[in-house]
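Topology and contacts: notes
Take a look at the letters that make up each chain.
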Amino acid sequence: MNFHVLTLFPEMILQGMNTSITGRAIAKGLLSLEAVNIRDFAFNKHQKVDDYPYGGGAGMLMQAEPVYLAYASIAERIGKKPRVVYLTPQGKVFNQEMARELALEEDLVFLCGHYEGIDERVLEEIVTDQVSIGDYVLTGGELPAMVMMDSISRMVPGVLNNQESGETESFAGNLLEYPQYSRPEEWHGKKVPEVLLSGHHENVAKWRREQSILRTLKNRPDLLKKADLTNKEWNYVRQLKKQWKEEEESL
Ligand code: 6GU
């Protein structure tokens, strides 16, 4: 996977990505990363990349030409028109399914906006995907680009040590991950759940599955609707809801 990031803050991207698991994957050659400074493609006296919006309004916009030239330098070098993801709160909300799909690409370009946005004409010309990472506002697209690259990276074969953890973690089957415990057996008076010490693999698996369902029901009922549970498990969900309702009514 080759990541190319168009940004006004290349050092932010390089510092963030050359750390931890993504850093190791870059060192191994499983990923490559370049951060292209859009300012290097502003061929005016002060390397200015922003200007006022026509029609008025708050703030400045990134101009079309430097963004286009920075993009074109990548497209020319790799010899194709790559997929270009523009990070914007106006985009489609990022999820695990999108991460899996984007991980199949050989090259991905991320376009990070700043100020109030980017001239619409260059977006029309180069952007293939507009993506948001959630319903809150950030100062620029760099953190969202890093969020996306991190989650896409872990879908690339060889990036994770334990290859199965790519799919068994949260959101596999639209269920959240169960709680986990390590040594010591008791900490601050809290004991590790007995079943996990039992060595009874079937009971452990059953307990974990129940915990996943419980957590998903509590924190992400929207996800649980899409989860594929057995009839027995749907009954368990119904029983939990009934129990909680009764507890609430008895208060
Ligand atoms: Cl992709 N960009 C910005 N600036 N803010 C965001 C976002 C993206 N996703 C959520 N908030």
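If you're wondering where the values come from, they're calculated on a predicted model, not measured in any experiment.

Regarding the overall build of the protein chain
Tallying secondary structure elements over the protein chain gives ten helices and nine strands in all. Computed over C-alpha atoms, the radius of gyration of the protein chain comes to 23 Å, more than 25% over the 18 Å expected from 2.2 N^0.38 for 251 residues, which places it beyond the range of a compact globule. Along the first, second and third principal axes, the C-alpha atoms of the protein chain reach 70 × 45 × 35 Å. The proportion of buried residues among the 251 residues of the protein chain is 41%. Where the 29 positive side-chain charges of the protein chain centre and where its 37 negative ones centre are 6 Å apart.

Re the packing of helix H1 (residues 10–17) against helix H6 (residues 142–153)
Relative orientation of the contacting elements H1 and H6 amounts to 30°, with a least axis distance of 10 Å. Classified by the angle between their axes, H1 and H6 sit roughly parallel to one another. Here the hand of the crossing between H1 and H6 comes out right-handed. The segment H1 lies against H6, with Met12, Ile13, Gly16 and Met17 engaging Glu142, Leu143, Met146, Met149 and Asp150. Looking at the contact of H1 with H6, its residues break down into six nonpolar, one polar and two charged.

As for the UniProt feature "binding site: S-adenosyl-L-methionine" (unreviewed entry) in the protein chain
When the UniProt feature table is mapped onto this chain, "binding site: S-adenosyl-L-methionine" (unreviewed entry) is found at Gly113, Ile133, Gly134, Asp135, Tyr136, Val137 and Leu138. On the secondary structure map, Gly134 appears in the loop between strand E7 (129–132) and H6. By relative accessible area, Val137 is classed as exposed at 73%.

Side note on helix H8 (residues 201–219)
An ideal rise of 1.5 Å per residue puts 27 Å on 19 residues; H8 measures up with 27 Å between its terminal C-alpha atoms. Val204, Trp207, Gln211, Ser212, Ile213, Leu214, Thr216 and Leu217 are the residues of H8 that are buried. Those residues of H8 hidden inside the fold are in contact with helix H9 (221–224) and helix H10 (231–249).

Remarks on the site of the ligand
If you check the shell around the ligand, you find Leu87, Thr88, Pro89, Val131, Ser132, Ile133, Gly134, Tyr136, Leu138, Gly140 and Pro144 and nothing else. In this structure, Ile133 approaches the ligand through a main-chain N or O atom, which is 3.0 Å from a nitrogen atom. Tyr136 places a polar main-chain atom, nitrogen or oxygen, 2.5 Å from a nitrogen atom of the ligand. Protein chains shield 95% of the accessible area of the ligand, which is 290 Å² for the free molecule.

Remarks on the packing of aromatic side chains
Taken as a whole, this structure holds three aromatic pairs when the rule is applied. Ring geometry for Phe41 versus Phe43: centroids 6.4 Å apart, planes at 80°, classification edge-to-face. Ring centres 6.1 Å apart and planes at 45° place the aromatic pair Tyr68 and Tyr71 in the tilted group. Note that Tyr68 and Tyr71 are positioned in helix H3 (residues 64–78) at a spacing of three residues, about one turn of the helix. A relative accessible area of 7% places Tyr71 in the buried class.

So, the pattern of salt bridges
Scanning the entire structure with this criterion turns up twelve salt bridges. Here Lys206 makes a salt bridge to Glu210, at a shortest N to O gap of 3.2 Å. With Lys206 and Glu210 both in helix H8 and four residues apart, this pair spans about one turn of that helix. Overall, Glu210 belongs to the partly exposed group, its relative accessible area being 26%.

Examining the environment of Leu111
Inspection of the secondary structure assignment puts Leu111 in strand E6 (residues 107–112). With a relative accessible area of 0%, Leu111 lands in the buried category. Sequence-distant contacts of Leu111, defined by excluding residues within four places in its chain, comprise Leu6, Ile38, Val67, Val84, Val85, Tyr86, Leu87, Ile118, Leu123, Ile126 and Val127.

Some thoughts on the side chain of Asp129
Along the chain, Asp129 turns up in strand E7. A polar contact of 3.0 Å, which involves the side chain of Asp129, links it to the side chain of Arg83.

Comments concerning the nonpolar core
Counting 27 residues, the largest nonpolar core has Phe3, Phe110, Met148, Met149 and Ile152 as the members making the most contacts within it. Of all the secondary structure elements, the ones that give two or more residues to this core are strand E1 (2–7), H1, strand E5 (83–93), helix H4 (96–102), E6 and H6. Excluding residues within four positions of it along the chain, Phe110 makes contact with Phe3, His4, Val5, Leu6, Val85, Leu87, Ala145, Met148, Met149 and Ile152. Counting residues in each nonpolar core, the second largest holds 22 residues, with Leu6, Ala42, Val49 and Leu123 among its members.

About the thresholds
Residues numbered from 1 in each chain as written. Predicted model: local features only at pLDDT ≥ 70, side-chain atom pairs only at ≥ 80, totals over all residues. Heavy atoms only, no water. Helix = DSSP H or I, 4+ residues; strand = E, 2+ residues; numbered from the N terminus. Rg over C-alpha atoms; globule rule 2.2 N^0.38 Å. Buried < 20%, exposed > 50% of the residue type's maximum accessible area, 1.4 Å probe, protein only. Lys, Arg positive; Asp, Glu negative; His and termini not counted. Charge placed at Lys NZ, Arg CZ, Asp CG, Glu CD. Axes fitted to C-alpha atoms, helices over the stretch in contact; angles between N-to-C directions. Parallel < 35°, antiparallel > 145°, perpendicular 65-115°, else oblique. Left-handed = near helix turned anticlockwise from the far one by under 90°. Contact = heavy atoms within 4.5 Å. Nonpolar A, V, L, I, M, F, W, Y, C, P; charged D, E, K, R; others polar. UniProt positions renumbered as here; feature names shortened; annotations may be inferred. Expected span 1.5 Å × (residues − 1). Near = heavy atom within 4 Å. Polar contact = N/O pair within 3.5 Å; in protein donor to acceptor, adjacent residues only side chain to side chain. Areas by Shrake-Rupley, 256 points an atom, 1.4 Å probe, with all protein chains shown as cover. Phe/Tyr/Trp six-rings, centres within 6.5 Å; stacked < 30°, edge-to-face > 60°. Salt bridge = Lys/Arg side-chain N within 4 Å of Asp/Glu carboxyl O. Core = buried A, V, L, I, M, F, W, Y, C linked by side-chain atoms within 4.5 Å.

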